Amino acid sequence: MDQRPVLFFDSGVGGLSVLGAARVLLPNMPVVYVADSAGFPYGTKTEREIAARVPALLGRLAERYQPRLIVIACNTASTIALATVREALDLPVVGTVPAIKPAAIASATRVIGVLGTEATVRQPYVDDLAARFAGDCTVLRHGSAELVALAEAKLHGEPTDPARYAAILHGLFGQAGGDRIDTIVNACTHFPLVADELAAAAPHPVRFVDGSAGIARRIAHLTEGQGWPDTPREGRAVFTAHSADTDRLVPALARFGLTRLDIL
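Residues numbered from 1 in each chain as written. Predicted model: local features only at pLDDT ≥ 70, side-chain atom pairs only at ≥ 80, totals over all residues. Heavy atoms only, no water.

1. Some details on the packing of helix α2 (residues 47-65) against helix α3 (residues 75-88)
Viewed as axis vectors pointing N to C, α2 and α3 meet at an angle of 55°, and their least axial separation amounts to 9 Å. The angle between α2 and α3 places the two elements in the oblique class. In this structure, α2 meets α3 at a crossing whose hand is right-handed. For the pair α2 and α3, the contacting residues are Glu-47, Ile-50, Ala-51, Val-54, Pro-55 and Leu-58 in the first and Thr-76, Ala-77, Ile-80, Ala-81, Thr-84 and Val-85 in the second. Partitioned by chemical class, the residues of the contact of α2 with α3 number nine nonpolar, two polar and one charged. (Axes fitted to C-alpha atoms, helices over the stretch in contact; angles between N-to-C directions. Helix = DSSP H or I, 4+ residues; strand = E, 2+ residues; numbered from the N terminus. Parallel < 35°, antiparallel > 145°, perpendicular 65-115°, else oblique. Left-handed = near helix turned anticlockwise from the far one by under 90°. Contact = heavy atoms within 4.5 Å. Nonpolar A, V, L, I, M, F, W, Y, C, P; charged D, E, K, R; others polar.)

And the structure:
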C-alpha cells in the first residue's frame, strides 16, 4: 500500500474543482492540496513573477510532502511555469491548460469564448492551442480577476451579485461576433465553482467546458498499478499564508475531504 499523496497546487481554492473530479475516479487517493495564499491572485501578476515563484515553491513542497505526482491545478501557473517545473522535479507533473480542443469539437456555430485570468488569456500557449485545435473557429477571449474573487467569495460563504457575472460575461458576448458564442472554455480552475451562476447570467444558453475530467483521467493513467489505501484518507489543506479567509474556508474544504489544515 502506497501512502504517498497526490499534491494539488493552485493560487487559491480554484483547484478544488480539479480535485473534485479526481476524487470521483480515485476516491481513496491521499491528497495534499496547496493554496498559495501568500501569492494570490496569480492572474494579475507578471509572467516573470509567476515563472520565478511557482517552480521554487513547488520544489519546497515536493521535498516536504514527498508526493507521487503533482497537479498544477491552475491555468495561469501551468501556461507560464509548467515546463520549468517538469525540468526541475524528478516526478510526474500534470498541468492544466484551457480546454480549447473539446470546446472546438462541441461548437456548432464555430464561435467559442475563452474565459480566464488576464495572465492566462494573453499567453502564446493559448494562441498555439487555438491554432492547432480551433483553426476553423473564431476564438474570443476575456480575462477577469473579478470572477476569481467571486468564486473565492462563494466558497467563503458570502453572497455574490448576479449582475457581476452578467457584466463579466459581457466581456465575451459584447465583442464582435460574440452573439454567436455557443461554447465557453472556463480557462481558470476557479470558474467551474461558479458554473451555475455563469449559466444563469449568460444572455442565451451556452455550453461551459473545462479540463477537470481530462486531468482526472491523466492522474489515473499515470498512477495505474500503484497501490492506494483501502479506504479514503484524511486530506490535508496547506496555505502559504494565514488570514481570516482561511478559517472561513474550513467547511468548504471539508466537503472536498480536506479536514487537516497547515500553514506553510
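That covers the picture; the talk isn't over yet.
2. Quick notes on the environment of Leu-150
You can see Leu-150 is positioned in helix α7 (residues 145-155). In this structure Leu-150 comes out as buried when scored by relative accessible area, which is 10%. Spatially, the C-alpha atoms of Leu-150 and Asp-161 are 8.8 Å apart, while their sequence positions differ by 11 residues. In this view, Leu-150 contacts Thr-160, Arg-164, Tyr-165, Ile-168 and Val-194; residues no more than four positions away in its chain are not counted. (Buried < 20%, exposed > 50% of the residue type's maximum accessible area, 1.4 Å probe, protein only.)

3. Section: a nonpolar patch on the surface
A cluster of nonpolar residues, Val-250, Leu-261 and Ile-263, forms a patch on the protein surface that exposes about 210 Å² of accessible area. With respect to the element layout, Leu-261 can be found in strand β10 (residues 258-263). Assessed through its relative accessible area of 34%, Leu-261 is described here as partly exposed. (Patch = residues over 30% accessible without salt bridge, like charges linked within 9 Å, V, L, I, M, F, W, Y side chains within 5 Å. Areas by Shrake-Rupley, 256 points an atom, 1.4 Å probe, with all protein chains shown as cover. Salt bridge = Lys/Arg side-chain N within 4 Å of Asp/Glu carboxyl O.)

4. Describing the sheet that holds strand β2 (residues 31-35)
Backbone-to-backbone hydrogen bonds join strands into a sheet, with any given pair of strands oriented parallel or antiparallel. Ordered by their spatial adjacency, six strands build an open sheet running β4-β3-β1-β2-β9-β10, and the pairing between neighbours is parallel. Both outer strands of the open sheet, β4 (93-94) and β10, are each paired with one neighbouring strand and no more. Examined bridge by bridge, strand β3 (residues 69-72) and β4 share two bridges and lie parallel to one another. Looking across to β4, one finds that Val-71 is bridged to Val-94. Contacting β1 (6-10), β2, β3, β9 (235-239) and β10, helix α1 (residues 16-25) crosses the sheet at an angle of about 170° to β2. (Pairing = 2+ DSSP bridges.)

5. Things to note about the pairing of β9
Along a regular strand, successive side chains alternate from one face of the sheet to the other. For β9, the tally of buried residues reaches five of five residues, placing the bulk of the element in the interior. Taken together, the four bridges between β2 and β9 define a ladder with parallel strand orientation. Within β9, the residue paired with Val-34 across the bridge is Val-238. When β9 meets β10, the two strands line up parallel, connected through five bridges. Each residue of the ladder has a partner; that of Gly-235, found in β10, is Leu-258.

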